[in-house]
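Topology and contacts: notes
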Amino acid sequence: MSSEFERLDYLREKANKLPLCPGVYQMKDKTGKIIYIGKAKILKNRVTSYFHNVEAHNPKTYKLVSVIYDFDFIVTDTELDALVLEASLIKLHSPKYNILLKDDKGFSYIRITGGSYPRIEHSFKNDDPFSSYIGPYTSGYTVKQTIEECNRIFMLPTCHKEFPRDFRKERPCLNFHIKKCMGVCRGNVSEKEYRGIIDEALSFIKNGSKESVEQLKAEMNEAAENLEFEKAAKLRDRINAIERSAKTQSIQAGKAISCDIFAVSENSGLTSVAVVKYRKGHLIDKENYFIGDDFDNRIMRSEFLMRYYEGDREIPKLILLDGEPEDGEILEEYFKSLSGHKVEISVPKRGENLVLTTLAKSNADEYLSLRVGRTSHEISALQDLAKLLGLKKVPVLIESYDISNLGEQTRVAGMITYKNGRPYKPGYRKFNIKDVIGVDDYACMQEVIRRRFVRYLEKDEGFSELPDLILLDGGKGHVNAVAQVLEELNISVPLFGLVKDEKHRTRAISDGGEEIQINANKRLFKLLTEIQDEVHRFSISYQRKKHKQSQYELELTKIKGIGEKKALALLKKYKTKQAIKEATIEELMEAAKINRETAESLYIYIQEIF
């Protein structure tokens, strides 16, 4: 492979991390200029196809791949969203390779022919004085798709007949019988009625589905009041067709909304900010920024907005955020002075604006997941956890503790660490309960937490980092007991308990007082259940191991000359029965520091009884 493909390994690795969902991708050259925009039903599959088996590409695609330095992407809800967004972005950016990779027939237009019964058609030219045009568009395929959708919804004729010349000359074609055409050829649709339908179709193309539906509903109600039930039924069917189509077009906002939407995603010391722009109800652009996250989110949002709108950048009348900024009202006044019009900053809680904010948030999550090597679901779960518990920042390092008892003889504790939403095995620790007499879970948990954080204060290398969150396997009592220890040591770390139901399943979080339910949030429920199950597994496996060692130790002390210390030394050297059976007399003498006579007695016992 030639040197022009030097970035291929990087591009392959990045593409392999893309989400398995619809979206639009933007290929860029070394200068950062967009050179190609495409759409995909599954982003990962489509984009990775560019960077594998490159030699098999056709000449145009081969040339495109050779100059790709990086790529960007925008997640959408559906493939249709991706198609519509692709068209608007191509129109906005006019990328070099989109023009070269098309059919080389130039721009495309939507043509409305002249005559008594005009048609809506696709055209590569706009030079017919008897027709009107919408466009130009750089994507001929997109124009064809739009026209097909419009003709289907409004049941417009697509045949080659000329009206009214060809009225009643032939029987209606198949399209009429399968309700894909209103059957103008029968001569039952007046010119006035037909032109009204054409106007509705053009309104649908220009203004979107919401405005079209509102207009059609008004006409349907008027027809019903005038007892024109057949007309009302046709309008009802048209409304239903538009609404079915509109359900999959979430990138088109209702009410011709113009706004900028800012959404934040945090993980691993990074904040990803997605900025999504709507103008007159259409998504026209999306940007993404990475910044540090070691400060308050409210301050961060305010500072980001201030910097973003520096210079000549257009400030819309509506700015939507996924969280509250600091001094929002002051920001509104500041932006009003810059723009010359009223500016509203809003954090939507419901309705269409919340849907738009959620889409922006999913884009921020996906970009951050690429950067930090985590899935968007993992990132979202941690953010949901921070929001639910009122944490100042998203927890990167989570420590969880569980006590495991088997009578007074075997009492241990397990500490596990989750880092960025996944188990972090170097952070796992085991504790033997030393100071507590009797079975007392609260006292055991206090001992473990005290030992762990005393070692932190002593700058022990194995306990050198403070967690962002502590989760105990237990409820209100465990939390209140441990809170006393943290207060004594002046350790400030958020502390909560994981509460189980009667079937030993995670059901809630305890803050030492009230319980916080988590069942409604599937991502968060999965994460917390995972943590609680893992800390329980880790502690109980250590407890079982310790119990076996205690039994072995007890058996070995039956030999004359072998006390607890010598038995413990043997078990430390030989961790299993099989290992100790394979030891020679000399090796037993060395391990337990015993004489030959005792070692020989021990050897016989191990071989015959142990």
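Conventions and cut-offs
- Residues numbered from 1 in each chain as written.
- Predicted model: local features only at pLDDT ≥ 70, side-chain atom pairs only at ≥ 80, totals over all residues.
- Heavy atoms only, no water.
- Helix = DSSP H or I, 4+ residues; strand = E, 2+ residues; numbered from the N terminus.
- Contact = heavy atoms within 4.5 Å.
- Areas by Shrake-Rupley, 256 points an atom, 1.4 Å probe, with all protein chains shown as cover.
- Pairing = 2+ DSSP bridges.
- Axes fitted to C-alpha atoms, helices over the stretch in contact; angles between N-to-C directions.
- Salt bridge = Lys/Arg side-chain N within 4 Å of Asp/Glu carboxyl O.
- Buried < 20%, exposed > 50% of the residue type's maximum accessible area, 1.4 Å probe, protein only.
- Polar contact = N/O pair within 3.5 Å; in protein donor to acceptor, adjacent residues only side chain to side chain.
- Phe/Tyr/Trp six-rings, centres within 6.5 Å; stacked < 30°, edge-to-face > 60°.
- Lys NZ or Arg CZ within 6 Å of the ring centre and 35° of its normal.
- pLDDT = per-residue confidence, 0-100.
- Left-handed = near helix turned anticlockwise from the far one by under 90°.
- Nonpolar A, V, L, I, M, F, W, Y, C, P; charged D, E, K, R; others polar.
- Parallel < 35°, antiparallel > 145°, perpendicular 65-115°, else oblique.

Attention now goes to the overall build of the chain. From N to C terminus, the chain includes 21 helices and 19 strands. Pairs at least 24 apart in sequence give 61% of the contacts found in the chain among residues at least 6 apart. Total accessible area on the chain stands at roughly 32,000 Å², and carbon and sulfur atoms take up 49% of it.

Before going further, it helps to spend a moment on the sheet that holds strand β2 (residues 34-40). Pairing between the strands of a sheet is mediated by backbone hydrogen bonds and can be parallel or antiparallel. Strand order in the open sheet formed by three strands is β2-β1-β3, with antiparallel pairing between adjacent strands. Each edge of the open sheet is held by one strand with a lone partner, namely β2 and β3 (70-75). Neighbour to neighbour, the strand axes of the sheet diverge by 20° on average, direction disregarded. Of the pairings in the sheet, the one linking strand β1 (residues 23-28) to β3 comprises six bridges and is antiparallel in character.

Per the counting criterion, the structure on display carries 28 salt bridges. Residue Asp166 pairs with Arg165 through a salt bridge whose shortest N-O separation is 3.1 Å. The class of Asp166 is buried, set by a relative accessible area of 11%. Among the salt bridges present, the one from Lys277 reaches Asp260, with a minimum N-O distance of 3.3 Å. Note that Lys277 is positioned in strand β8 (residues 270-279) and Asp260 in strand β7 (residues 259-267), a separation of 17 residues in sequence. Among the charged side chains, a salt-bridge network with shared partners connects Glu162, Arg165, Asp166 and Lys169.

We now examine the side chain of Lys277. For Lys277, a relative accessible area of 10% gives the class buried. At 3.3 Å, the side chain of Lys277 forms a polar contact with the side chain of Asp260. Among the polar contacts listed, one links the side chain of Lys277 to the side chain of Tyr308, at a separation of 3.1 Å.

Quick look at the packing of aromatic side chains now. Think of a pair of aromatic rings as described by two things: how far the centres are apart, and how the planes are tilted against each other in angle. Inspection of every chain in the model, using the stated rule, returns 22 aromatic pairs. Judged by centre distance (6.1 Å) and plane angle (90°), the rings of Tyr289 and Tyr308 are edge-to-face. One end of the pair, Tyr289, is in strand β9 (residues 282-292); the other, Tyr308, is in helix α11 (residues 297-308), and 19 residues separate them in sequence. On the accessibility criterion, Tyr289 (28% relative accessible area) is partly exposed. Relative accessible area serves as the criterion here: at 4%, Tyr308 is assigned to the buried category. Clustering of aromatic rings is evident, with ring pairs tying together Phe262, Tyr289, Phe304, Tyr308, Tyr309, Tyr334 and Phe335. The side chain of Arg7 reaches across the aromatic face of Tyr69, ending 3.8 Å from its centre.

Overall, the predicted model of the chain reaches an average pLDDT of 82, with 87% of residues at or above 70. By mean pLDDT, the top-scoring element of the chain is strand β10 (residues 318-321) (96), and the lowest-scoring one is helix α5 (residues 96-101) (57). This stretch, residues 99-105, has a pLDDT under 50; its non-local contacts, to residues over four places away or in other chains, come to twelve contacts. Counted against residues more than four places away or in other chains, residues 246-251, with its pLDDT under 50, gives 18 contacts.

It is worth spelling out the packing of helix α15 (residues 441-457) against helix α16 (residues 476-488) at this point. One can describe the packing of α15 onto α16 by two numbers: an axis separation of 9 Å at closest approach and a directional angle of 35°. For the pair α15 and α16, the sense of crossing is right-handed. Across the interface between the two elements, Asp441, Tyr442, Met445, Gln446, Ile449, Arg450 and Phe453 from α15 touch Gly477, His478, Ala481, Val482, Gln484, Val485, Leu486 and Glu488 from α16. Residues belonging to the contact of α15 with α16 are distributed by class as follows: eight nonpolar, four polar and three charged.

Below, the discussion takes up the packing of helix α13 (residues 351-372) against helix α14 (residues 376-389). Where α13 contacts α14, the two axes come as close as 8 Å, and the packing angle between them is 115°. Between α13 and α14, the crossing angle belongs to the class labelled roughly perpendicular. Where α13 crosses over α14, the handedness of that crossing is right-handed. Along its contact with α13, which presents Lys361, Asp365, Glu366, Leu368, Ser369 and Val372, the element α14 presents Ser376, Ile379, Ser380 and Gln383. Split by residue class, the contact of α13 with α14 holds three nonpolar, four polar and three charged.

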